[in-house]
Amino acid sequence: MNLPLVAVVGRPNVGKSTFVNRIARANEAIVHEMRGVTRDRSYHEADWNGVRFRLVDTGGIEMNDDDAFQGAIRNQAFTATAEADAIIFLVDGKTGINADDDEVARILRRSDKPVFLAVNKLDNPSREEAVWEFYQLGLGDPWPISSIHGHGTGDLLDAVVEELRKVELPEDDDDEPAINIAIIGRPNAGKSSLTNCMVGSERSIVSDVAGTTRDAVDTTIVHDGTRYTIVDTAGLRRKSKIDEDVEYYGFVRAMRAIDRADVALLVIDSSIGLTDQDQKVAGYAAERGCALIIVLNKWDLAEGPDRKAEIRERIADRMTFVGYAPVVAISALTGKRVDKVWTAIDKAYAGYTQMLPTNRLNTWLGAIREEGHTVRKGKAVLRMKYVTQTGTCPPRLTFFVNRPDIVDDNYERFLENRLRKTFDLEGTPVQLRFKKKD
């Protein structure tokens, strides 16, 4: 559904993410006292007086380039204003105007979009005289607010949605839900490069610095007629290695992205090869039951055919717990073979959502019964009566048997392997359940 867009911009630490969380009534944007926490732009749905819209949280704009990321952060913020139907320019009512506020105001004055100047951190509503100096920014009447306590935000939103009601949105004829794709992996594996390559624009900031992406960054696109929501996530490390609040929040957002993903792309740095941490990240996806594709990024940096064969063999040997996941070798930086990722996504999603016909399942089960392959415990012998699919996303099969208590892990693996030989389930986990039936 097409919704009007409101960009929230301002210099670092003025409270943009706190404001976005209050209006969206969620804790989706990372809030921290450290400056520069938000880097990429992130989108959040909101509703006010019956008007639905999307808020864009942006990184803090600074005009100097002392921070290695500042140029990219600035570009992300101004991209958001170019997309937006309305702009909320947030300033700090406690510290007053500084040079960056002046420069941003100068740029926004040239915009043809309605701009609302919100003076934040005025926790005492009676101190409205504190907004007087902000008139010199030349953006009309300032709106005194407190993002933390909510003072003044209602009046501001009344004015914003009044402008949004005038926006003519293009018709959205496609009500088809998007396929959710989470791009996961350890820091610096190339997740943001892959996101940008798949999206076709500089959606995420790319840097050689590990931990550049801190939040989960959503983008919805249409590729070959199918809608996808692609989520670039923060690099995942072991919890014991997370030593910063910001990194912890990024970890939590990444876990949430996996929770709602249909397909996860596990990005592995081929120049390093498979690591214990890659296995751990694969485990996160396996625990949450989403389809999985292993993406060997920077494949052009793996030295020679022997090294490439070694990487693939190690994956086959160490990743048997997600043996259903196909392996695709690419270079996100050059775009080489990224089309193979799209093909793997579509195939994995088809398996993840498919319903297997009951008659075919029971024909398959009948063949196993005829072979006599079963489980025995003392005098007890497992007898399987029939099987049916009881769920999708991922496929869940329920076997009705005489003694579910004697089914062991080895027999479950045997059944799953035989199932995959008969049915096309590449990329998706399968859940098997056993219920007693006399």
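Residues numbered from 1 in each chain as written. Predicted model: local features only at pLDDT ≥ 70, side-chain atom pairs only at ≥ 80, totals over all residues. Heavy atoms only, no water.

1. So, the pairing of strand 17 (residues 431–436)
The side chains of a regular strand alternate between both faces of the sheet.
Stage number 1. In this sheet, strand 17 lies alongside strand 16 (residues 396–401) in parallel orientation, the contact comprising 6 bridges. From the neighbouring strand, Leu397 faces strand 17, where its bridge partner is Leu432.
Stage number 2. Regarding topology, helix 11 (residues 409–422) serves as the crossover connection from strand 16 to the parallel strand 17, and that connection is right-handed. (Pairing = 2+ DSSP bridges. Helix = DSSP H or I, 4+ residues; strand = E, 2+ residues; numbered from the N terminus. Right-handed = clockwise from strand over helix to strand, strands pointing away.)

2. A word on the environment of His223
Stage number 1. You can see His223 is positioned in strand 8 (residues 217–223).
Stage number 2. Through-space distance from the C-alpha of His223 to that of Met198 is 9.0 Å; in sequence the pair is 25 residues apart.
Stage number 3. The residues touching His223, leaving out its near neighbours within four places in the chain, are Tyr228 and Trp342. (Contact = heavy atoms within 4.5 Å.)

3. Observations concerning the pattern of salt bridges
Two side chains that carry opposite charge are able to pair once their charged atoms sit near each other.
Stage number 1. Under the definition given, this model contains 16 salt bridges.
Stage number 2. Residue Asp405 is joined to Arg403 by a salt bridge in which the shortest nitrogen-to-oxygen separation is 2.7 Å.
Stage number 3. In this structure, Arg420 engages Glu416 in a salt bridge whose closest nitrogen and oxygen atoms are separated by 3.0 Å. Of the two residues, Arg420 and Glu416 are both situated in helix 11; the distance of 4 residues between them amounts to about one turn of the helix.
Stage number 4. One salt-bridge network, in which partners are shared between bridges, spans Asp259, Glu287 and Arg288. (Salt bridge = Lys/Arg side-chain N within 4 Å of Asp/Glu carboxyl O.)

4. Thoughts on the sheet that holds strand 17
Stage number 1. Spatially, 3 strands are ordered 15-16-17 in an open sheet, and the strand pairing comes out mixed. At either margin of the open sheet sits one strand with a lone partner, and together these are strand 15 (384–391) and strand 17. Between one strand axis and the next, the sheet turns through 25° on average, direction left out of account.
Stage number 2. Bridge count between strand 15 and strand 16: 6 bridges; the pairing is antiparallel. By the bridge assignment for strand 16, Met384 is matched with Val401.
Stage number 3. This element, helix 10 (residues 358–371), spans strand 15 and strand 16 of the sheet and lies at about 145° to strand 15.
Stage number 4. Along the sheet face, helix 11 touches strand 15, strand 16 and strand 17 and points at about 120° away from the line of strand 17. (Axes fitted to C-alpha atoms, helices over the stretch in contact; angles between N-to-C directions.)

5. Examining the sheet that holds strand 6 (residues 143–144)
Adjacent strands of a sheet pair through backbone hydrogen bonds, lying either parallel or antiparallel.
Stage number 1. Taken in spatial order, the 6 strands make up an open sheet running 2-3-1-4-5-6, and their pairing is mixed. Pairing within the sheet leaves two strands with one partner each, and these edge strands are strand 2 (42–48) and strand 6.
Stage number 2. Docked against the sheet, helix 1 (residues 16–24) engages strand 1 (5–9), strand 2, strand 3 (51–57) and strand 4 (86–92), running at close to 160° with respect to strand 3.
Stage number 3. Contacts between helix 3 (residues 99–109) and the sheet are confined to strand 1, strand 4 and strand 5 (115–120), with strand 4 contributing the most and set at about 165° to the helix.

6. Points about the packing of aromatic side chains
Stage number 1. Taken as a whole and judged by the stated rule, the model has 5 aromatic pairs.
Stage number 2. Between the aromatic rings of Trp364 and Phe399, the centroid separation amounts to 6.2 Å while the plane-to-plane angle is 55°, which identifies the pairing as tilted. Taken together, the positions of Trp364 in helix 10 and Phe399 in strand 16 put the pair 35 residues apart, joining distant regions of the chain.
Stage number 3. Every member of this aromatic cluster is reached through a ring pair, and the members are Trp364, Phe399 and Phe434. (Phe/Tyr/Trp six-rings, centres within 6.5 Å; stacked < 30°, edge-to-face > 60°.)

7. Notes on the nonpolar core
Stage number 1. The biggest cluster of nonpolar side chains holds 29 residues, and the ones touching the most others in it are Ile184, Leu266, Leu292, Ile315 and Met319.
Stage number 2. Breaking this core down by element, the ones donating at least two residues are strand 7 (179–184), helix 6 (245–259), strand 10 (263–269), helix 7 (276–288), strand 11 (291–297) and helix 8 (304–318).
Stage number 3. Those residues in contact with Ile315, other than ones at most four positions away along the chain, are Ile268, Leu274, Ile294, Leu296 and Val327.
Stage number 4. If you look at the next biggest cluster of nonpolar residues, it comprises 26 residues, including Leu194, Ala332, Val338 and Ile345. (Core = buried A, V, L, I, M, F, W, Y, C linked by side-chain atoms within 4.5 Å. Buried < 20%, exposed > 50% of the residue type's maximum accessible area, 1.4 Å probe, protein only.)

8. Regarding the environment of His373
Stage number 1. Residue position: His373 is located in the loop between helix 10 and strand 13 (376–377).
Stage number 2. Residue classification places His373 among the partly exposed residues on the basis of a relative accessible area of 39%.
Stage number 3. Considering only alpha carbons, one finds His373 and Phe414, 41 residues apart in sequence, at a separation of 9.5 Å.
Stage number 4. Among all residues touching His373, those that are not within four sequence positions of it are Ile368, Tyr411 and Phe414.

9. Some points on the confidence of the model for the protein
Stage number 1. For the protein, the average pLDDT comes to 83, and 81% of its residues sit at 70 or higher.
Stage number 2. The secondary-structure element of the protein with the lowest mean pLDDT is helix 2 (residues 70–83), recorded at 64, while strand 12 (residues 327–329) shows the highest, at 97.
Stage number 3. Low confidence marks residues 203–216, where pLDDT is under 50. Its contacts with residues over four positions away, or in another chain, come to 65 contacts. (pLDDT = per-residue confidence, 0-100.)

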